[in-house]
2 protein chains.
Amino acid sequence: MLTSKTENIHTSEGETAPLWTVYEDSFDPTLKKLHSQETVYTIGNGYFCTRGTFEEGYPRADTATLLYGVFDQVPIAKEELANIPDWTEIKLFVNDERFRLDRGTILDYHRSLDLTQGLLSRSVSWESPNGVRISINSQRFASLADEHVGIIRFSITVDSTPDDQPAEILIRSSFNTAQGNYNLMHVETVDQAHTDDLLWLHTETKRSLVQLAQTMSFTSDRTDFRKEILDSDISPSIRLYGSLKPGESLTTEKVVVMYTSRDGTDDVIRTALEHHRALLSADNVSQSYNGQFLFESLLTTQREAWAHFWQEADILVEGDDKAQVGLRYSLYQLRINTSSHDTRYSIAAKGLTGFGYRGHVFHDTEIFMLPFFTYVLPDIARNLLLYRYHLLPAARKKAASNGYEGAQYPWESTLSGDETTPPSIIHPETGELIPVLNGFIELHITSSIAHATWEYWRVSGDDDFLQEYGAEVLLSTAQYWASRVEKNPERTEYEITNVIGPDEWHEHVNNNAYTNYMARNNIQCALQALDWLKTNSPTKARQLVQQLNLTDERLAYWQDIIEHIRIPQNPETGLFEQFEGFFDLPKLDQSKFEGRKDSYQGILGVEVVQRYQIVKQADVLMLLTVLEREFDLKTKEVNWDYYYPITDHAYGSSLTPALHVILASQLGRTADVVKLFLAGALVDLENLRGNTPEGVHAACAGAVWQAAILGIAGLRVDEHGYTTNPHWPDGWKRLAFSFKHKGEAIHVDLHR
Amino acid sequence: MLTSKTENIHTSEGETAPLWTVYEDSFDPTLKKLHSQETVYTIGNGYFCTRGTFEEGYPRADTATLLYGVFDQVPIAKEELANIPDWTEIKLFVNDERFRLDRGTILDYHRSLDLTQGLLSRSVSWESPNGVRISINSQRFASLADEHVGIIRFSITVDSTPDDQPAEILIRSSFNTAQGNYNLMHVETVDQAHTDDLLWLHTETKRSLVQLAQTMSFTSDRTDFRKEILDSDISPSIRLYGSLKPGESLTTEKVVVMYTSRDGTDDVIRTALEHHRALLSADNVSQSYNGQFLFESLLTTQREAWAHFWQEADILVEGDDKAQVGLRYSLYQLRINTSSHDTRYSIAAKGLTGFGYRGHVFHDTEIFMLPFFTYVLPDIARNLLLYRYHLLPAARKKAASNGYEGAQYPWESTLSGDETTPPSIIHPETGELIPVLNGFIELHITSSIAHATWEYWRVSGDDDFLQEYGAEVLLSTAQYWASRVEKNPERTEYEITNVIGPDEWHEHVNNNAYTNYMARNNIQCALQALDWLKTNSPTKARQLVQQLNLTDERLAYWQDIIEHIRIPQNPETGLFEQFEGFFDLPKLDQSKFEGRKDSYQGILGVEVVQRYQIVKQADVLMLLTVLEREFDLKTKEVNWDYYYPITDHAYGSSLTPALHVILASQLGRTADVVKLFLAGALVDLENLRGNTPEGVHAACAGAVWQAAILGIAGLRVDEHGYTTNPHWPDGWKRLAFSFKHKGEAIHVDLHR
């Protein structure tokens with residue numbers, strides 16, 4: 001699965017912080033590679049992310065800046081994060097020749113993403129078709145200290161000209177509104193103009209009517225360059241022009257401030273302009289002829305903000321450099337794709353890094369990513385759970401529309417909590433329509449949310465949250481399950497029929513072990529929360545009992561479900577059957593498919609794959625991981641031995657390789673651990689799944705954290721404290737990390 | 001159906017050529033009205049059309065320029081005409097205030113489309129929010145004499161300023177690449193720059209990779225205005241600025257030249273620049289400080305070209321001004337949407353005037369529009385039929401893929417002839433997917449093409465065409481029908497089962513009268529063509545007999561089909577049954593639906609409407625119209641009396657109201673004639689169907705010509721000559737028109 005050469009990871013000695021850097025030293029113009037690297041070199045701060053496209057542009061680049069929670073409607077898939085006007089565009093002309101990587105000659109090329117400060121740098125040495133040689137240095141970041149701000153420092157040096165004469169330089173910095181999500185345009189200009197040296201652009205999303213302001217200043221360090229503001233509704237620009245002798249340089253700075261009507265401001269343009277002016281008038285900016293230089297001062301606060309994050313979140317690995325960089329890159333992704341304060345949206349499957357899954361939120365957040373936040377950044381974990389709390393009315397509506405009580409969460413959601421799973425998708429090649437059932441029958445997201453709520457409370461000790469929000473989520477979701485289970489008169493047990501479990505290759509199954517077990521767990525946690533409330537906040541308990549009509553009779557029924565829900569498990573061996581009838585299916589002879597380049601579903605088709613014991617992603621094994629405290633080692637072992645070999649680790653799902661590390665560590669499968677860990681940690685850095693162009697695998701990033709901490713370090717917390725139980729993979733010598741338990745910061749430093 | 005006030009038609013006396021003018025004298029900012037009028041005020045020349053959006057733009061305008069045959073791929077619907085960068089944009093700022101109709105005060109507003117010269121004019125008097133009063137005059141046309149050229153003359157007069165001081169004027173003329181078809185972007189910039197005073201933009205379509213060049217010059221009549229060229233990949237512009245005292249004026253001219261790689265040039269930019277320079281260096285252009293003024297000289301050739309068209313195509317109606325203007329407007333639409341020379345594409349359902357039906361070609365062309373070209377512009381009719389000839393390989397492939405012989409034409413087609421009917425469409429409100437069966441089982445387009453081929457030959461006498469192209473089309477399509485008919489052993493007749501007839505509200509029907517009769521006609525014409533060939537071009541006859549394997553046995557089988565194909569008609573009364581079992585359905589009580597605002601299908605749903613004798617559009621009556629020579633008056637009458645009352649004239653289809661005029665005239669239904677004629681002639685001018693925003697009803701325009709000439713004038717031609725048989729509607733006093741018969745131009749002037 002892993003290529004022999006590890007791209008994007010720089011591990012040679014003698015460089016600055018090599019284990020904090022993602023880098024490339026050649027430009028590969030094939031579109032798949034280009035689009036993959038655009039994703040990898042994304043910068044962001046949780047308010048926005050900007051893909052790593054080049055300032056000068058490249059044909060068919062997937063340029064994108066996506067804002068946390070800024071959606072617009074689309075056909076079939078309901079709504080998607082709207083790609084806003086590109087703020088990074090800087091076009092350079094040297095003696096009227098356009099600087100572009102697809103013409104002339106690239107003499108030298110380096111690009112690196114410094115994770116310590118969220119700084120993307122590029123240096124290029126280029127010879128134009130007419131023989132002018134120039135060097136370009138650009139650096140950009142999305143300010144983590146001031147989330148409305150993006151900045152680019154762009155420098156050019158004329159190295160030589162054929163006639164040794166000065167070169168005419170024209171450099172044009174723009175907002176480019178001609179953007180779409182895969183060509184579908186979402187924003188339209190409302191107004192545009194400039195005020196003094198600040199250029200501003202007011203756009204709005206076409207259907208959801210979110211107002212967006214972007215302001216720009218563009219300054220240089222040379223007094224002999226002229227500057228002009230070029231108003232335009234489509235591509236407003238500031239241009240600088242002058243000439244540079246061989247050996248001379250020009251450094252420019254592009255500062256951009258962004259606000260939307262989601263920020264609670266009436267006048268987005270005024271707010272953005274004021275913010276921008278405040279930046280320019282700060283005491284510590286250096287002055288120059290053409291305006292103020294902000295880069296260094298903004299980078300200082302940027303560095304501080306990232307240092308603060310790394311102080312809390314970093315995991316030090318000694319002995320495996322690839323694992324070290326991949327792990328840090330995963331943490332970087334978790335941070336840049338998550339707002340520090342917004343409670344009305346959550347982390348999308350691809351975060352803000354690409355158009356895949358359209359910015360929709362799945363249970364990926366609760367099962368894969370939330371543990372990182374719960375243990376490391378509990379304030380953000382709380383926000384992410386508040387998002388689900390705010391969706392309760394919509395979840396109740398969904399349950400009711402299906403004839404059930406309580407709250408049923410949508411498989412995919414955006415701002416409103418309406419189900420946003422598309423009813424079908426269009427096959428990218430054949431144009432065929434493929435029905436998508438997940439929105440209808442993949443139910444377990446509801447218990448995932450309950451589980452994450454419970455875990456957050458257990459680890460953080462945030463009683464206030466449980467009382468005000470969490471308990472209502474737990475009880476409402478339990479209520480859903482209690483109305484969803486069926487009692488077949490011919491059987492003694494409660495059942496849940498016609499679902500899709502985590503292994504999405506088997507549809508319309510009955511009594512999926514994961515779904516049923518997690519539903520039971522959901523009801524159990526709800527009852528425990530109610531007991532806790534009755535003791536600690538009787539008023540709130542009474543209120544919820546009344547509001548949700550939790551009669552004694554009903555609670556007794558819940559208890560009966562807990563005791564009598566069907567769990568398909570062999571009581572002697574402990575082996576779970578993934579769903580009823582799974583063991584009756586033939587196993588797939590995987591040896592026949594060696595060298596395949598697609599998933600078994602892709603090869604066999606949606607219908608045929610259902611007829612085999614072949615699993616897309618951890619299903620029973622996910623149950624044993626998520627609720628790992630409930631199972632003994634023998635049960636884990638017997639199920640691992642059964643399910644691990646029949647899972648499509650290579651092409652099934654990116655979600656679970658890293659998650660498997662937790663069980664693999666406990667069971668001492670060291671060789672598997674190394675392989676599975678890197679399959680997660682490098683999924684995007686090496687585009688292992690081939691779909692990094694559509695955005696990073698955010699859930700995988702969360703799973704990588706879990707793999708390191710809950711798997712390899714073996715961290716466990718209970719009400720009394722924590723324990724570790726390291727299972728060292730080959731090569732690993734040291735593992736140091738921090739987390740919070742009930743508000744207390746704890747640092748752990750494990751040595752082999 | 002008709003509103004009492006007739007919009008867009010100016011019939012008051014004393015004006016210049018009122019019966020040649022479409023006009024409006026107020027600006028209605030509601031989007032539906034705005035988008036409808038954008039369609040109405042489209043200019044074009046068969047190479048391109050540009051919708052009637054305003055130079056300064058309006059939020060959510062459906063700006064579009066579509067080029068004949070320039071497509072790009074889309075999901076589901078295969079491909080669509082690609083909206084190219086807008087060439088009309090001219091932004092005006094007065095004292096930094098933007099001229100826009102949605103701010104300030106409109107003091108006066110007129111817009112008119114002069115059909116005699118294809119000239120769109122607008123005059124606006126406007127007071128800015130700060131109290132500056134200006135007058136704007138703009139005129140634009142797409143040159144019919146030089147199809148690569150579009151031109152706008154844009155003038156501004158400062159009427160007054162609050163302080164009586166001069167006003168600062170900035171006027172910016174751009175290409176705007178931020179365009180899409182309903183927001184789906186199709187073009188991307190390849191390169192952009194300027195050469196001397198000519199700005200150029202090189203774009204390409206994203207998937208089909210059509211290369212497009214657009215060049216621009218922008219000049220003014222004032223020596224005191226400065227001019228600057230602003231390069232940009234997204235919105236390249238030329239701007240002029242200076243000041244105007246109250247009472248002073250500025251006149252500008254924007255000239256644009258467009259070429260694509262479909263024009264057979266290797267270097268589209270060079271070709272466009274050379275073309276543009278040739279315009280500027282022509283002897284007859286007037287010189288001014290800022291460049292050459294071309295408008296008057298280009299307008300002269302424009303007027304000549306349109307005069308030439310009208311000389312051949314105009315129909316004079318005295319006594320009904322609405323009918324007169326609507327008729328001329330229909331002829332204008334037929335002309336601007338049709339290339340004068342391209343044989344690789346045909347007229348789309350909405351021409352080049354909007355995004356509806358995505359530029360796909362239906363049998364609308366052959367049944368509704370082609371008669372106009374056959375009788376009036378036979379050279380173009382020949383091109384349109386050559387398009388079908390070029391699609392023969394694709395049509396043979398479609399037949400073969402369905403298990404049949406010969407050539408089966410696709411229900412919808414673009415350049416390649418592949419079936420482009422979408423397999424399903426997305427409901428615009430619910431997002432639901434609705435299967436579309438037409439591409440699979442609406443078969444009669446194949447016989448429509450054969451019929452149009454035959455009619456073209458019959459009227460034009462173009463023997464060369466029949467010999468080289470037409471005969472092969474006739475024989476190949478006949479071959480399809482001969483393999484498509486089935487012989488049920490229980491019956492003595494040939495049948496065609498499981499089709500959709502012209503009445504698309506009834507699917508999966510057997511022995512649709514129209515389909516079967518037209519199939520028979522197709523085979524008959526093919527056999528006659530073969531006989532003609534054997535006499536007039538034995539070599540070609542032999543070649544086709546060999547190529548298509550037309551053995552005597554096979555030809556005898558064709559004859560047997562002609563004699564024994566099932567035609568569901570009562571031999572005594574002459575009444576056709578639309579399809580087998582139609583008479584068994586209950587009739588729909590239409591009185592229950594009075595005041596409805598939707599079609600019966602829209603109200604009842606796709607499934608329910610099938611269960612009633614309610615007809616979307618002429619089906620049996622279309623048969624009696626298209627092959628009208630084959631039926632006597634009694635047959636026409638009995639079928640009219642049966643089917644006319646059960647057809648949804650108001651909301652069923654725009655195609656047939658005007659077509660019904662032919663039968664209604666013959667049968668002396670004068671009141672119906674007037675109503676039906678205007679329902680066709682005003683369909684877009686009054687947006688009678690509510691969907692004019694998506695483009696004009698091109699087929700309806702063709703039907704209006706047929707209604708006037710084949711219906712009201714009663715023109716019939718045979719090999720010996722022509723006859724007329726006028727049926728005067730109320731009010732009509734005179735009807736004069738021209739047509740060609742076997743190459744001879746004939747002018748007819750009928751007086752009541």
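Since the model is a prediction, treat every value here as computed from it, not as a measurement. (Residues numbered from 1 in each chain as written. Chains lettered and ligands numbered in written order. Predicted model: local features only at pLDDT ≥ 70, side-chain atom pairs only at ≥ 80, totals over all residues. Heavy atoms only, no water.)

A. Quick look at the overall build of chain A. A tally of regular secondary structure across chain A gives 19 helices and 32 strands. The C-alpha radius of gyration computed for chain A amounts to 27 Å, which stays within 12% of the reference 27 Å derived for 752 residues, consistent with globular compactness. Taken over 752 residues, chain A has a buried fraction of 65%. The long-range share in chain A, meaning contacts at least 24 apart out of those at least 6 apart in sequence, stands at 67%. Accessible surface, chain A as shown: approximately 26,200 Å² in total, 47% of it carbon and sulfur. If you average the places of the 67 positive and of the 104 negative side-chain charges in chain A, the two averages end up 1 Å apart. (Helix = DSSP H or I, 4+ residues; strand = E, 2+ residues; numbered from the N terminus. Rg over C-alpha atoms; globule rule 2.2 N^0.38 Å. Buried < 20%, exposed > 50% of the residue type's maximum accessible area, 1.4 Å probe, protein only. Contact = heavy atoms within 4.5 Å. Areas by Shrake-Rupley, 256 points an atom, 1.4 Å probe, with all protein chains shown as cover. Lys, Arg positive; Asp, Glu negative; His and termini not counted. Charge placed at Lys NZ, Arg CZ, Asp CG, Glu CD.)

B. Structural view of the packing of aromatic side chains. All names here are of chain B. Evaluated as defined, the whole model comprises 86 aromatic pairs over all chains. Relative to Y557, the ring of Y494 lies with its centre 5.7 Å away and its plane at 80°, an arrangement referred to as edge-to-face. Of the two residues, Y494 sits in strand β26 (residues 494-495) while Y557 sits in helix α13 (residues 552-564), which places them 63 residues apart along the sequence. You can call Y494 buried: its relative accessible area is 2%. For Y557, a relative accessible area of 34% puts it in the partly exposed group. (Phe/Tyr/Trp six-rings, centres within 6.5 Å; stacked < 30°, edge-to-face > 60°.)

C. Geometry of empty space enclosed by the protein. All names here are of chain B. Evaluation of the coordinates by the stated rule reveals 9 cavities of 30 Å³ or more. In this structure, the largest cavity spans a volume of roughly 360 Å³. Lining the largest cavity are 22 residues, and of these H451, E455, T625, V626 and L710 lie nearest its centre. Contributing elements (two or more residues each) for the lining of the largest cavity: α5 (364-376), α9 (445-460), α15 (620-626), α19 (698-712) and β27 (716-717). Considering every element that reaches the lining of the largest cavity, the biggest residue donor is α5, with 6 residues. Here the lining of the largest cavity spans two domains, since at least three of its residues come from each of domain 1 (1-17 + 315-355 + 648-752) and domain 3 (377-634). (1 Å grid on protein atoms, 1.4 Å probe; cavity = no way out; pocket = protein on both sides within 12 Å on 5 of 7 lines; lining within 4 Å. Points joined across faces, edges and corners; volume = space filled by probe spheres on them. Domains from an automatic or database assignment.)

D. Examining the domain arrangement of chain A more closely. Residues and elements named next belong to chain A. With domains assigned, chain A is organised as domain 1 (1-8 + 314-376 + 648-752), domain 2 (41-304) and domain 3 (378-614). On a C-alpha basis, the centroid separation for the pair domain 1 and domain 3 is 23 Å. Of the residues lining the interface, 33 residues belong to domain 1; the matching set on domain 3 comes to 35 residues. Three residues, H363, E366 and Y651, lead the burial of domain 1 against domain 3; their summed loss comes to 20% of the area buried on that side. Among the salt bridges present, the one from R388 reaches E366, with a minimum N-O distance of 2.7 Å. For the pair domain 1 and domain 3, the interface holds 13 residue pairs in polar contact (both at pLDDT 80 or more). Contributing elements (two or more residues each) for the side of domain 1 that touches domain 3: α5 (364-376) and β31 (734-741). (Buried area = accessible area lost by both parts, 1.4 Å probe. Salt bridge = Lys/Arg side-chain N within 4 Å of Asp/Glu carboxyl O. Polar contact = N/O pair within 3.5 Å; in protein donor to acceptor, adjacent residues only side chain to side chain.)

E. Main features of the UniProt feature "domain: Glycoside hydrolase family 65 N-terminal" (unreviewed entry) in chain A. Cross-referencing UniProt, the feature "domain: Glycoside hydrolase family 65 N-terminal" (unreviewed entry) maps to residues 24-262 of chain A in the present numbering. Regarding residues 24-262 of chain A, the helix share stands at 4% and the strand share at 54%, and the terminal C-alpha atoms are separated by 37 Å. (UniProt positions renumbered as here; feature names shortened; annotations may be inferred.)

F. Inspection of unusual backbone geometry at higher detail. Unusually for a residue other than glycine, H508 of chain A sits at a positive phi of about 60°. With respect to the helices, strands and loops of the structure, H508 of chain A is situated in the loop between β28 (494-495) and α11 (513-536). Judged by relative accessible area, H508 of chain A falls into the partly exposed class, the value being 48%. Even without a glycine there, the phi angle at N95 of chain B is positive, about 50°. Looking at where N95 of chain B falls in the secondary structure, it is placed in the loop between β7 (90-94) and β8 (97-98).

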